[in-house]
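The chain contents come next:
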Amino acid sequence: MKILVAVKRVIDYNVKIRVKPDHSDVDLTNVKMAMNPFCEIAVEEAVRLKERGVASEVVAVTVGPKAAQEQLRTALALGADRAIHLETDERVESLAVAKLLAKVVEDEQPGLTILGKQAIDTDNNQTGQMLAALSGLPQGTFASEVVVDGDKLQVTREIDGGLQTVELTLPAIVTTDLRLNEPRYAKLPDIMKAKKKPLDVKTPAEQGVEVGSRVSLLKVTPPPERQGGVKVGSVDELVDKLKNEAKVL
Ligand code: AMP
């Protein structure tokens, strides 16, 4: 079985986000970028399925600027066999990403496609669902466990207050939750080997997909600066402040 994994280049989750002075967007100047953490989990799951002999090939795909090839090389170092780069400098919305991925699904016919549940930059949580709809495939979202059994896939899903297990018929789409696995780190020899693995570059136009934006970003506002704390002299004063200042009692 072939597994397709969608990976997105985002700001590294350790970086403190800076907003441009005119609030037009997040400032990406000299900011460390990385693979979206939920996509790392997706790559790890695909590679584990290959190591267990369930999958025969893992293909990583990304939509983004030339620099996004760094994240594809990371996926290759982690164990993906080859990569597809759908290159564009445009700000690509989830629907356009899903359309491009649907085209790749059509061309590659993977048995399983794994995405992150959410990209930590735009927090959309919709690309996997849109891809499932566009491709007409069953979806198991927020997966915390994935078990392949013949042409069936059991997905344990993290839902409010518990877990739900569903069975899908392959081919299918899965989106990863945090507890699915703990991704490995790429080893130096694998990083070197990854440089030689095949990476195919295509444009959205070649794929027949129009990526023009339908949503305008109006402004980005950083969260308010945290105020310093105060020391209270007594429990009574604390209760009074909670009641009359914080108004939480
Ligand atoms: P989102 O719906 O934007 O929160 O993203 C959910 C998941 O969709 C991500 O974790 C990726 O697996 C996939 N995805 C979103 N944007 C891209 C992109 N530009 N390139 C590749 N995969 C993407």
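Here the structure is shown first, and the text comes after it.
These numbers come from a predicted model, not from an experiment. (Residues numbered from 1 in each chain as written. Predicted model: local features only at pLDDT ≥ 70, side-chain atom pairs only at ≥ 80, totals over all residues. Heavy atoms only, no water.)

1. Details of the site of the ligand
Of all residues adjacent to the ligand, which total 19 residues, the nearest are A6, V63, A119, N125 and T127. Within the backbone of G116, an N or O atom sits 2.9 Å from an oxygen atom of the ligand. In the model, an oxygen atom of the ligand is placed 2.7 Å from a nitrogen or oxygen of the N125 main chain. Compared with its free state, where it exposes 480 Å², the ligand has 97% of that area covered by protein. Elements that contribute at least two residues to the shell around the ligand include exactly β4 (57-64), α3 (94-108) and β6 (112-116). Ranked by residue count, the leading element in the shell around the ligand is β4, at three residues. When grouped by side-chain class, the residues that make up the shell around the ligand number eight nonpolar, 10 polar and one charged. (Near = heavy atom within 4 Å. Polar contact = N/O pair within 3.5 Å; in protein donor to acceptor, adjacent residues only side chain to side chain. Areas by Shrake-Rupley, 256 points an atom, 1.4 Å probe, with all protein chains shown as cover. Helix = DSSP H or I, 4+ residues; strand = E, 2+ residues; numbered from the N terminus. Nonpolar A, V, L, I, M, F, W, Y, C, P; charged D, E, K, R; others polar.)

2. A closer look at the nonpolar core
Ranked by size, the top nonpolar core spans 35 residues in total, and within it I3, V5, V43, L112, L153 and V174 carry the most contacts. Looking at this core, the elements that each hand over two or more residues are β1 (2-6), α1 (37-51), β4, α2 (69-78), β6, β7 (139-149), β8 (152-159) and β10 (172-176). A per-element tally of this core places α1 first, with eight residues. In contact with I3, other than residues within four places in its own chain, are A46, L49, A55, E57, V58, V59, P110, L112 and I114. (Core = buried A, V, L, I, M, F, W, Y, C linked by side-chain atoms within 4.5 Å. Buried < 20%, exposed > 50% of the residue type's maximum accessible area, 1.4 Å probe, protein only. Contact = heavy atoms within 4.5 Å.)

3. Section: α2
With respect to burial, α2 is a largely interior element, seven of its 10 residues being buried. Among the residues making up α2, those that are buried are Q69, Q71, L72, A75, L76, A77 and L78. Just downstream of α2 lies G79, where phi reads positive at about 135°.

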